[in-house]
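For reference, the chains in residue letters:
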Amino acid sequence: MPTRNILSEYIAQAMAQAVYDKLEDGTFSGRIPSCKGVVAFGDTLRECEEELRSTLEDWVLVGLKLGHALPVIGGIDLNKVPTREAVDTV
């Protein structure tokens with residue numbers, strides 16, 4: 001069974017929360033309520049989902065790089081500061 005890393009699992013858990021709407025013109029919009037500003041549009045539901053995933057991935061990476069507080073999703077907290085021990089203690 002393939003292993004998933006924490007970022008992949010975070011993305012999967014966030015995508016499970018996605019909400020999609022069919023717009024009047026027949027296109028779709030998608031958003032992830034817990035991830036403020038993560039929205040996407042597409043001509044088809046599949047296109048919208050792919051665009052939403054891409055937007056979410058970029059949002060997470062920028063948030064991590066800039067030190068923004070990211071929501072805890074599916075019990076995954078990306079805000080934790082990693083702890084490091086001195087090499088001589090290992």
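Everything below is about the structure printed above this text.
Scope of this entry: the structure provided in the associated data block. (Residues numbered from 1 in each chain as written. Predicted model: local features only at pLDDT ≥ 70, side-chain atom pairs only at ≥ 80, totals over all residues. Heavy atoms only, no water.)

As a further point, take the sheet that holds strand S1 (residues 19–22). Strand order in the open sheet made by the three strands is S1-S2-S3, with antiparallel pairing throughout. The open sheet has two edge strands, S1 and strand S3 (39–42), and neither has a second partner. Looking at each pair of strands side by side, their axes are set apart by 20° on average, direction ignored. Where S1 and strand S2 (residues 28–31) come together, four bridges link them in antiparallel fashion. Of the residues in S2, the one forming a bridge with Lys-22 is Phe-28. Most of the contacts of helix H2 (residues 45–66) go to S3, to which it runs at about 150°, and overall it touches S1, S2 and S3. (Pairing = 2+ DSSP bridges. Helix = DSSP H or I, 4+ residues; strand = E, 2+ residues; numbered from the N terminus. Axes fitted to C-alpha atoms, helices over the stretch in contact; angles between N-to-C directions. Contact = heavy atoms within 4.5 Å.)

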